[in-house]
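The lines below spell out each chain.
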Amino acid sequence: AYVDTKDILDKASEGYYGVAAFNINNMEFFHAILEGALEKKSPLIIETSEGAIKYAGMNDPYRGARFFVNMIKDMANTVDIPIALHLDHGNNFDIIMAAIKAGYSSVMIDASHEVFEENMRITKDIVRIAHAAGVSVEAELGQLSGIEDNVEAAENVLVNVDEAKEFCETTEVDFFAPAIGTSHGAFKFKGEAKLDYDRLKKVKEVTGKPLVLHGASSVVQEYVKIAEEYGADFGGSKGVPADVLKQTVEYGINKVNTDTDLRIAYVAGLREFLAHDAKQFDPRKYQRKAMDYVKKVVMERIDILGSANKI
Ligand SMILES: O=C(COP(=O)(O)O)N(O)CCCCO
Ligand code: NA
Ligand SMILES: [Zn+2]
């Protein structure tokens, strides 16, 4: 069934388990992810960035938003796991409105690069509009290092616990993303993967909200190796190890944003297949291995986060 993201995350917060939020740009990633979630009988959050919406809509965001809603809502209403569709890193007002109007389950307003008061004001405004339309809202405090959705965040700015309390009370966001040391992409840490667990525990205590971990991909080396065997160069790639992910779930993370792991799995499968089959030109066949690797990553992640059979 097609559900509100808040319903999935309130249950996850109650039960102290994590639900992965998988990013897509096309049909094949959605199908591969869905196969994995169905097999695991897991609730599923599908999310699209503003770039994905522009890509699918050939630069018309409202068309792109409708494309994803039509594909995902219709499929969701014909399978028996709960599925939500979320706008990831919403920042452009028109695209956030397009997602709400098209029928997204939830939207993120990411004003984390603004000063605190401004982030709070913008977020409060989006919450008012989204809630009027029955849409739930995610927002973020602090900054991930690396490229945060075309906004260059120089260094990690960790969430401030007191600000988090005031922010959640004032804005009434439905779920909240505290920056605790992760970053987007495949090169997350120079050395040891260190997250600020103490800060995370405190944010859970003072907000009582379902929490979101951005930049949560593990950069699974099994697929990095396959991709590199067939010509990729992902040297120095490092993500959030599975045991660290489990710790964050234990301390209150409930939505676990995962994009890079799927991208690496897919390109590994594609490179491997094409290196061995010189004759195949049916896209349903030459993408299958890539989709199988995405499905495997999805199922492994569901096991790590504990959302299997939680439907
Ligand atoms: O927080 C995340 C997941 O980040 P990642 O999968 O790179 O760890 N996202 O919001 C996904 C989109 C941006 C990164 O590609
Ligand atoms: Na998000
Ligand atoms: Zn993110």
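Scroll up for the structure.
Scoring rules and cut-offs
- Residues numbered from 1 in each chain as written.
- Chains lettered and ligands numbered in written order.
- Predicted model: local features only at pLDDT ≥ 70, side-chain atom pairs only at ≥ 80, totals over all residues.
- Heavy atoms only, no water.
- Donors = N, O, S within 2.8 Å, 3.2 Å for Na, K, Ca; no water.
- Buried < 20%, exposed > 50% of the residue type's maximum accessible area, 1.4 Å probe, protein only.
- Salt bridge = Lys/Arg side-chain N within 4 Å of Asp/Glu carboxyl O.
- Helix = DSSP H or I, 4+ residues; strand = E, 2+ residues; numbered from the N terminus.
- Patch = residues over 30% accessible without salt bridge, like charges linked within 9 Å, V, L, I, M, F, W, Y side chains within 5 Å.
- Areas by Shrake-Rupley, 256 points an atom, 1.4 Å probe, with all protein chains shown as cover.
- Lys, Arg positive; Asp, Glu negative; His and termini not counted.
- Charge placed at Lys NZ, Arg CZ, Asp CG, Glu CD.
- Contact = heavy atoms within 4.5 Å.

## Here's the deal with the coordination of the zinc ion (ligand 3)
Those protein atoms acting as donors to the zinc ion (ligand 3) are His 89 (NE2), His 184 (NE2) and His 214 (ND1), and they sit at 2.1 Å. Here the donor residues of the zinc ion (ligand 3) are spaced in sequence according to H-x94-H-x29-H. Taking the relative accessible area as the measure of exposure, His 184 reaches 23% and is therefore partly exposed.

## Let's talk about the pattern of salt bridges
Evaluation of the coordinates by the stated rule reveals 18 salt bridges. Across the pair Lys 6 and Asp 10 runs a salt bridge whose closest N-O atoms are separated by 2.8 Å. One end of the pair is Lys 6 and the other is Asp 10, both in helix H1 (residues 5-15) and 4 residues apart, which spans about a single turn. For Asp 10, a relative accessible area of 29% corresponds to the partly exposed category. The partner of Asp 259 in a salt bridge is Arg 263, and the shortest N-O contact between them spans 3.1 Å. Taking the relative accessible area as the measure of exposure, Arg 263 reaches 46% and is therefore partly exposed. Where salt bridges share partners, they join Glu 35, Arg 288 and Asp 292 into one cluster.

## Describing a negative patch on the surface
The grouping of Glu 117, Asp 162, Glu 163 and Glu 166 at the surface amounts to a negative patch. Ranked by the residues each element gives to the negative patch, the list is headed by helix H7 (residues 161-171), at 3 residues. Along the chain, Glu 163 turns up in helix H7. Under the relative-accessibility criterion, Glu 163 is labelled partly exposed at 30%.

## Here we look at the coordination of the sodium ion (ligand 2)
Four donors placed tetrahedrally around a metal ideally meet at 109.5 degrees, and six donors placed octahedrally ideally meet at 90 or 180 degrees. The sodium ion (ligand 2) binds to the protein through His 86 (NE2), Asp 88 (OD), Glu 138 (OE), Glu 138 (OE) and Lys 255 (NZ), with metal-donor distances spanning 2.6 to 3.0 Å. Between consecutive donor residues of the sodium ion (ligand 2), the sequence gaps follow H-x1-D-x49-E-x116-K. If you look at the sodium ion (ligand 2) and the zinc ion (ligand 3), they sit 5.7 Å from each other. On the criterion of sequence distance, the pair formed by His 86 in strand S3 (residues 83-90) and Glu 138 in strand S5 (residues 136-141) is long-range, its members being 52 residues apart.

## Structural notes on the environment of Lys 310
Mapped onto the secondary structure, Lys 310 falls in the segment after helix H13 (288-305). The class for Lys 310 is partly exposed, based on a relative accessible area of 37%. Taking the C-alpha atoms as reference points, Lys 310 and Pro 43, 267 residues apart in sequence, are found 6.6 Å from one another. If we skip the residues at most four places from it in the chain, Lys 310 touches Tyr 17, Lys 41 and Pro 43.

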